Amino acid sequence: MDLVTDQKRGINMVTEQQVVNTVGNTTALGALGGWIVGVLPSIATLLTVIWFAILITEKVTGKPFVELVRCAAARVKSWFK
């Protein structure tokens, strides 16, 4: 069979370079996915620690955390006036 006959039948010829590109892209995506899977638990842990710190601060002070942040931001602003 020649290329013209294959194209008439609708068969796409895959070149060696296309295979190499596909394998390379798959490898890169796999590496990125592996890195994300490795980092996600650390991010979740950090967010949990921050969340618990906010809850503890609210329990100790008896005020909403947003109010405390606004107060702190106002103090910092006053330093630069």
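Predicted model, so just to flag it, every value in this text is computed and none were measured.

Cut-offs applied
Residues numbered from 1 in each chain as written. Predicted model: local features only at pLDDT ≥ 70, side-chain atom pairs only at ≥ 80, totals over all residues. Heavy atoms only, no water. Helix = DSSP H or I, 4+ residues; strand = E, 2+ residues; numbered from the N terminus. Buried < 20%, exposed > 50% of the residue type's maximum accessible area, 1.4 Å probe, protein only. Areas by Shrake-Rupley, 256 points an atom, 1.4 Å probe, with all protein chains shown as cover. Contact = heavy atoms within 4.5 Å. Patch = residues over 30% accessible without salt bridge, like charges linked within 9 Å, V, L, I, M, F, W, Y side chains within 5 Å. Salt bridge = Lys/Arg side-chain N within 4 Å of Asp/Glu carboxyl O. Expected span 1.5 Å × (residues − 1). Bend = angle between axes of the 7 residues up to and from the residue. pLDDT = per-residue confidence, 0-100.

1. Side note on the overall build of the protein chain
Helix and strand counts for the protein chain come out as three helices and zero strands. In sequence order, the protein chain lays out its α and β elements as α-α-α. Buried positions account for 1% of the 81 residues belonging to the protein chain. Surface summary for the protein chain: the accessible area is close to 7300 Å², and the carbon and sulfur share equals 69%.

2. Details of the environment of Phe 65
The residue Phe 65 is located in helix α3 (residues 65-79) in this model. The sequence separation of Phe 65 and Ile 54 amounts to 11 residues, and the corresponding C-alpha distance is 6.5 Å. Each residue touching Phe 65, except ones within four places of it in the same chain, is listed here: Ile 54, Thr 57 and Glu 58.

3. Considerations on a nonpolar patch on the surface
Together, Leu 29, Leu 32, Trp 35, Ile 36, Leu 40, Ile 43, Leu 46, Leu 47 and Ile 50 make up a nonpolar patch on the protein surface, roughly 910 Å² of accessible area in all. Along the polypeptide, Ile 50 turns up in helix α2 (residues 16-61). Ile 50 gets classed as partly exposed once you look at its relative accessible area, which sits at 42%.

4. Structural notes on α2
The end-to-end C-alpha distance of α2 is 67 Å, a good match for the 68 Å that 46 residues give at a rise of 1.5 Å each. Approximately 30° is the largest bend angle found in α2, and it occurs at Val 39, with the proline Pro 41 only one to four residues beyond. Note on α2: the residue one or two positions beyond its end, Gly 62, has a positive phi of about 75°.

5. Overview of the confidence of the model for the protein chain
On average, residues of the protein chain score 84 in pLDDT, and 83% of them are at 70 or above. Least confident of the elements in the protein chain is helix α1 (residues 3-8), whose mean pLDDT is 57; most confident is α3, at 93.

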